[in-house]
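Examination of the molecular architecture
The chain contents come next:
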Amino acid sequence: MTSADHLEHRQDQFHTWGVYGLLVVSILLAVVSSELMGSPAEWYAAGALVLAAVALQLWHGPRHGRRTPSRRGTVYYVLRWAISFPLTWINPFFGFYAACGYFDSDETIPGPWRQRIGLFATAVVLAGTQAGGLPFHSAVQWPLFGVMLLTNTALLGLAGHLAQQEEQRSRDRAVTITELERTNTALQQALDENAALHAQLLVQAREAGVADERRRLAAEIHDTIAQGLTGIIAQLQVVANAPDLTIARTHLARASDLARHSLGEARRSVQNLAPVALENAGLPEALKKTVAEWGERTGVRAEFTLTGTAEQLHEEVAATLLRIVQEALSNAARHARATRVGVTLSYLGDEVILDIRDDGRGFDPLALPERTRTGGFGLDGMRARAERIAGSLTVESEPGHGTALSARVPLVRHDQ
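All figures in this text were calculated on a predicted structure; none of them were measured in a lab.

Turning our attention to the overall build of the protein chain. The secondary structure content of the protein chain amounts to 11 helices and five strands. Relative to its full complement of 416 residues, the protein chain shows a buried share of 36%. Within the structure as shown, the protein chain displays about 24,600 Å² of accessible surface, and the carbon and sulfur contribution to it stands at 61%.

Right under this line is the structure:
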């Protein structure tokens, strides 16, 4: 049970049993002050009125939640006042019972003006008891009655004004809570939609990555393995027509070298199908290892540099950056004829920057031939990888002055 429900339960108990309690208090005080009721007729009349008050309360019934003012409630209020007035005439201590009219006029009488009339009638009864009880037996009781009536009326007006302000504040709070709940619901729906969209984008990125890997693998097979096999066939054809054993052995050795080289390229292509380097290490370690292995394999001086504080990136972001480096190094080995390559990974607050530089022969970015189906993965593929995760790729190069690639992507952490 919440605090609001607990308060409502207490109010129900007060409105249900409070009238009985005040009636019992009035009866006990009337019995103690029995000298105020002189004749037996007054005793009989008081007893009859008390029974009528109990019957009226039973007819009204217990309170279950706040009541709505109605004609039945008005009848109940008027009859209770009609019972309390003669009781206070008989004994002023029945004013405790008459005070019940202060507590529920807003729940029984419809209309603010009628409620005020009912409260004033109750104030008249209580002012009479406070002035010594009706009927008055001295001239002093009349001005005292007037003072008490004005005092009760003023207190009732002040209490009513404060109650209205509190009720208005309660309504305002209820409206505010409703608006907050509606806003929270809309916000939660937006968050759920964003999460679903994020998951969908990741799925699309994976699917597009699979397609890119297939195209890259096809290009590598064409550019390396297929060419190697073609060379082997050519060498074997020369062997078949060689006039002496020395020439045959020479071409067989060349064919063997081409076969080993093609086997190595095939193994490298298979390993690059998935970012195996990221399984047991973060992106900086994977890039450092990739650059070092590439340098050893090609004989080119290659260096890796890390700047900023490394963070665990989302797997799609890390895989994309690793693929871009692998493709850039592959292109450098095939076309750049570089003597030195540098790879720098920079963590800059809300983004990650990957720079790949070489001192090779360079090229004119505006004069690149159109990519064909059998061509390499190339710059377009690297740019597409970066753009797929809301990043970008820029290229700076000119003939004879090397090439610089820069991939800039958002820093999306692993737990996001």
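This next bit is on the pattern of salt bridges. A complete count under the given rule lists 11 salt bridges for this structure. Where R63 meets D12, a salt bridge forms, and the shortest distance between an N and an O atom there is 2.4 Å. Here D12 lies in helix α1 (residues 3-32) and R63 lies in the loop between α2 (40-60) and α3 (71-90), a separation of 51 residues in the sequence. For R63, a relative accessible area of 3% translates into the label buried. Judged by relative accessible area, D12 falls into the buried class, the value being 13%. In this structure, the salt-bridge partner of E311 is R413, at a minimum N-O distance of 2.6 Å. Taken together, the positions of E311 in the loop between β1 (301-307) and α10 (315-336) and R413 in the segment after β5 (403-410) put the pair 102 residues apart, joining distant regions of the chain. Via salt bridges that share partners, D12, R63 and E107 belong to a single interconnected network.

This part takes up the packing of α2 against α3. Running from amino to carboxyl end, α2 crosses α3 at an angle of 160 degrees, the nearest separation of the two axes being 10 Å. Our classification of the angle between α2 and α3 gives roughly antiparallel. For α2 against α3, the interelement crossing comes out left-handed. Contact with α2, carried on its side by E42, A45, A46, L49, V50, A52, A53, L56, Q57, W59 and H60, involves R72, Y76, L79, R80, I83, P86, L87 and I90 of α3 and no other residues of that element.

Further remarks concern helix α9 (residues 283-298). The end-to-end C-alpha distance of α9 is 22 Å, a good match for the 22 Å that 16 residues give at a rise of 1.5 Å each. The complete set of buried residues in α9 reads L283, P284, A286, L287, T290, V291, W294 and G295. In an axial view of α9, the angular spread of the buried residues amounts to 160 degrees, which keeps them on one side of the axis. Among the exposed residues of α9, those oriented more than 90 degrees off its buried face are K288, K289 and E296. Buried residues along α9 sit in contact with β1, α10, β2 (340-348) and β3 (351-358).

Here I83 shows up in helix α3. Residues I83 and L56 lie 27 residues apart in sequence; the distance between their C-alpha atoms is 9.6 Å. Those residues in contact with I83 that sit more than four places away from it in its chain are L49, A52, A53, L56 and Y97.

Turning next to the nonpolar core. Formed by 35 residues in total, the largest nonpolar core has its most connected members in L283, L313, L321, L345, L354 and I356. Of all elements in the fold, only α9, α10, β2, β3, α11 (378-388), β4 (392-397) and β5 reach the threshold of two or more residues within this core. Excluding residues within four positions of it along the chain, I356 makes contact with I324, V325, A328, V341, G342, V343, T403, A404 and L405.

Turning next to the packing of α3 against helix α6 (residues 112-130). Packed helices, taken two at a time, are described by their axes: the angle between them and the distance between them. Where α3 contacts α6, the two axes come as close as 10 Å, and the packing angle between them is 10 degrees. By the angle between their axes, α3 is roughly parallel relative to α6. In this structure, α3 contributes Y77, W81, S84, F85 and T88 to the contact, and α6 contributes G118, L119, A121, T122, V125 and T129. Class assignment of the residues belonging to the contact of α3 with α6 gives a composition of six nonpolar, five polar and no charged.

So, on to the pairing of β1. The two faces of a sheet get side chains in turn, since along a regular strand they alternate between them. Sheet topology note: the β1/β2 ladder contains seven bridges and is parallel. Following the sheet pairing, T307 is matched in β2 by S346.

Turning to the packing of aromatic side chains, a few remarks are in order. Counted by the stated rule, this structure contains seven aromatic pairs. An angle of 20 degrees between the planes, with centres 5.4 Å apart, marks the rings of W81 and F85 as stacked. Of this pair, W81 and F85 both sit in helix α3, four residues apart, roughly one helical turn. On the basis of relative accessible area, W81 is assigned to the partly exposed category, the value being 30%.

This part is about the sheet that holds β3. Reading across from one edge, β1-β2-β3-β5-β4 is the order of the five strands in this open sheet, with mixed pairing throughout. Looking at which strands have only one partner, the edges of the open sheet turn out to be β1 and β4. Each adjacent strand pair in this sheet contributes to an overall mean axis angle of 10 degrees, direction not counted. Sheet topology note: the β3/β5 ladder contains eight bridges and is antiparallel. Note that in β5 the partner of R357 across the bridge is A404. Strands in contact with α9 are β1, β2 and β3; relative to β1, the strand with the most contacts, it is inclined by about 170 degrees.

About the cut-offs
Residues numbered from 1 in each chain as written. Predicted model: local features only at pLDDT ≥ 70, side-chain atom pairs only at ≥ 80, totals over all residues. Heavy atoms only, no water. Helix = DSSP H or I, 4+ residues; strand = E, 2+ residues; numbered from the N terminus. Buried < 20%, exposed > 50% of the residue type's maximum accessible area, 1.4 Å probe, protein only. Areas by Shrake-Rupley, 256 points an atom, 1.4 Å probe, with all protein chains shown as cover. Salt bridge = Lys/Arg side-chain N within 4 Å of Asp/Glu carboxyl O. Axes fitted to C-alpha atoms, helices over the stretch in contact; angles between N-to-C directions. Parallel < 35°, antiparallel > 145°, perpendicular 65-115°, else oblique. Left-handed = near helix turned anticlockwise from the far one by under 90°. Contact = heavy atoms within 4.5 Å. Expected span 1.5 Å × (residues − 1). Arc of directions from axis to C-beta. Core = buried A, V, L, I, M, F, W, Y, C linked by side-chain atoms within 4.5 Å. Nonpolar A, V, L, I, M, F, W, Y, C, P; charged D, E, K, R; others polar. Pairing = 2+ DSSP bridges. Phe/Tyr/Trp six-rings, centres within 6.5 Å; stacked < 30°, edge-to-face > 60°.

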